[in-house]
Amino acid sequence: MEMLPVVFLLFVSGTVFANVQISEFFPFGHGTKDTLLHSNDDGSSPVQNISVVFEFFSEHRKQLFVNTNGLVSFRNSISTFTPEPFPNIGALVVLAPFWADIDTSRCDSTCNIWYRESMEPVALSTATTEIRKYFPVMKHFIAEWTYIVTWYNVPHFGASSSELEKRNTFQAVLITDSKSAFVIYNYNKIEWIASSDIPAQVGFNMGDDIHFYSVEGSRTSQIINLPNLSNVGYPGKFVFRVDLRDIRPAPTPGDPGQCFLKAADIVFVVDMSLSIDIHSLKNLMSDVISELPINAMECQIAIQSFSTSAKTELRLSDHKTKTEVLAHISKMNTATGISNLKNALSSTTQMFSYVDKDDGPRSYAKRFVVIFTDGLMVASSELKTQADLLLSFPKMIVATVGIGSSVKHDHLELISTDINSILRPSANIIWKYLRSNLAVPGCLACKVDFGGELRILLDSSRSISQKLFKEGRQFIYTLIEELISFNLLNINVSVDIFSEDVTEAIPLQNISGMKRKLGGLSLVEYNGNHVNQSLLSQHIKDIGMTSSSTNFIIFISNGVFLDSHLIEKLKHSANEQSIIVSVGLSEDNNWDNLEDLASYGYFVFSSDDAHLLARYLKKEMTTTTCT
């Protein structure tokens, strides 16, 4: 810089010594293959092409600059020597461990600015240890990359011979595991704070007036106390996470608020055809959206409805608040026409085709399409092609929610990311699915278990012919053999035959021992009597009383024995952990009764669906526990 007419030197009497020793810095200097920034005043390194994408909020950078005046910048080099207050709007996207007027042109080898990208084991191990220590929820974090910049013994511009003895030593370390991003500032000694009337600025700046952090005391004489300050309880050390919605210090141990959702662009595709109960659907969507953090940096919502034709209700670029989204849902039209999902998926694909344009999604956001439908549409090759095109987008997950009185499961599989992305219409289930996919990587340790009970009840009443009874027995054979092939542990199964009595054909036992018991099922004969409703209701109640885990009560019947009174009685008899599944035998089905009996239309199957039901039961009995 040019010499100012008047120079103010701001010091505090007495030197403030380090609280982070040099030995505790990330290694730097000649022995670490660091690059030495040439001696200069107001200079910068050449552009540094880094080997990862460093996520600094909505800035996803592959380049950076090391600046003499205590800054690491991402968009351009910075020669400005007078520190500016944060927030600073515009192109000033920086990490500022100590933004002040540093001059290394007069101190020869006694002062240095070192920098390097490092994926060496020592640096990664140290980075992993530091992040796990100061972010307890990140106990599974493993650093994959670091960038280390060290300002060693640097003086200020315009220092006289005596003032040249006052030096600062500090370090900035950028860390990522390719998913989450952190910055550490280490301060060894701060012996000067300015060469003009404005002391150093310390913190971060995104340039958008929203995402910035200024260390207390910045641009005042108090900033000389940096070696005694900290946001993690270790004097001279600051640790920040910089890839979430705002810049936050490290949490206190056990703080659950650090498993924030990552940014997501979510399109809800909503079936408004005549087969849908729109009132229930709107309530379900509202319950899900009420849980989501909807704002400019996290979740953004679009809604695409369809019946005979598709309609864009909300675009991602509308940037609606949660209140506005919920208000729009409440005003959506009643059901009309038939399901034309192909057009809706085509319109949804267009939404994701213009990344970072006014109409499109954000390049750094995860992408979700959640389709609410019963699947009662033509499963054409054009629909499959459109679904595959949508699934081909990077960071895309397509989930389907089976709604309505009956669900065409194979059509949902056709358009979903996988079978685990096919969800029953429960706000809690949908929210957990979204949360698990948007959870901060490394934040949670999740264990997957399979467990539960299957209570199979086969109708042997007068309305069932011997042929249908045999068909029901065959369904049970196929279902259990398929489940056994999954090698599930902790699954118990029973088979009961009901009409005037409830006959225990196979008592409740672990599924691993079912194969040898299945042969005995063939000896059970058709009864052909009326159903004893009171006895059946009591049996369902007993199941709920003896089961401590989630249990599935699988009715295999044509539904003729049911009436509205009995359906309500059976549902009331089942406990909260019981899910009722209806399997319709093929002749003269009363589908209305079977659909009403099932906990959701999602749990209504035909007698041809043994393999399909087995897969769904496996998924539904999967419990993921995260700590």
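Structure shown above.
Small disclaimer: the values here were computed from a predicted structure and weren't measured.

## A word on the packing of aromatic side chains
- In total, this model carries 30 aromatic pairs according to the counting rule given.
- Centre to centre, the rings of Phe28 and Tyr152 are 5.8 Å apart; their planes meet at 45°, and the pair counts as tilted. In this pair, Phe28 is assigned in the segment before β1 (35–36) and Tyr152 in strand β7 (residues 145–154), connecting sequence segments 124 residues apart.
- Residue classification places Tyr152 among the partly exposed residues on the basis of a relative accessible area of 28%.
- Pairing Phe552 with Phe603 gives two aromatic rings, centres 6.2 Å apart and planes at 65°, and the pair type is edge-to-face. Taken together, the residues span a long stretch of sequence, with Phe552 in strand β24 (residues 551–557) and Phe603 in the loop between α12 (591–597) and β26 (604–606) at a distance of 51 residues.
- Phe603 sits in the buried class, given a relative accessible area of 1%.
- Put simply, the rings of Phe98, Trp151, Phe170, Tyr185, Tyr187, Trp192, Phe204, Tyr213, Phe238 and Phe240 touch in pairs and so form one group of aromatic residues.
- Over the ring of Tyr234 we find Lys237; its NZ or CZ atom is 5.8 Å from the centre of that ring.
- For Lys618, the ring lying beneath its charged end belongs to Phe486, and the centroid distance is 4.9 Å.

## Things to note about the side chain of Arg116
- Along the chain, the position of Arg116 falls in strand β6 (residues 112–118).
- Here the side chain of Arg116 touches Pro27 through a polar contact of 2.8 Å, landing on its backbone oxygen.
- Separated by 3.4 Å, the side chains of Arg116 and Thr32 make a polar contact.
- Those residues in contact with Arg116, other than ones at most four positions away along the chain, are Pro27, Phe28, Thr32, Lys33, Asp34, Thr146, Tyr147 and Ile148.

## Remarks on the packing of helix α4 (residues 341–351) against helix α5 (residues 381–391)
- Across the interface, α4 lies against α5 with an axial gap of 9 Å and an inter-helix angle of 25°. Here α4 lies roughly parallel to α5, going by the angle between them. Handedness of the crossing formed by α4 with α5: left-handed. The segment α4 lies against α5, with Leu341, Lys342, Leu345, Ser346, Thr348 and Thr349 engaging Glu382, Leu383, Gln386, Ala387, Leu389 and Leu390.
- Considered class by class, the residues forming the contact of α4 with α5 number six nonpolar, four polar and two charged.

Rules used throughout
- Residues numbered from 1 in each chain as written.
- Predicted model: local features only at pLDDT ≥ 70, side-chain atom pairs only at ≥ 80, totals over all residues.
- Heavy atoms only, no water.
- Phe/Tyr/Trp six-rings, centres within 6.5 Å; stacked < 30°, edge-to-face > 60°.
- Helix = DSSP H or I, 4+ residues; strand = E, 2+ residues; numbered from the N terminus.
- Buried < 20%, exposed > 50% of the residue type's maximum accessible area, 1.4 Å probe, protein only.
- Lys NZ or Arg CZ within 6 Å of the ring centre and 35° of its normal.
- Polar contact = N/O pair within 3.5 Å; in protein donor to acceptor, adjacent residues only side chain to side chain.
- Contact = heavy atoms within 4.5 Å.
- Axes fitted to C-alpha atoms, helices over the stretch in contact; angles between N-to-C directions.
- Parallel < 35°, antiparallel > 145°, perpendicular 65-115°, else oblique.
- Left-handed = near helix turned anticlockwise from the far one by under 90°.
- Nonpolar A, V, L, I, M, F, W, Y, C, P; charged D, E, K, R; others polar.

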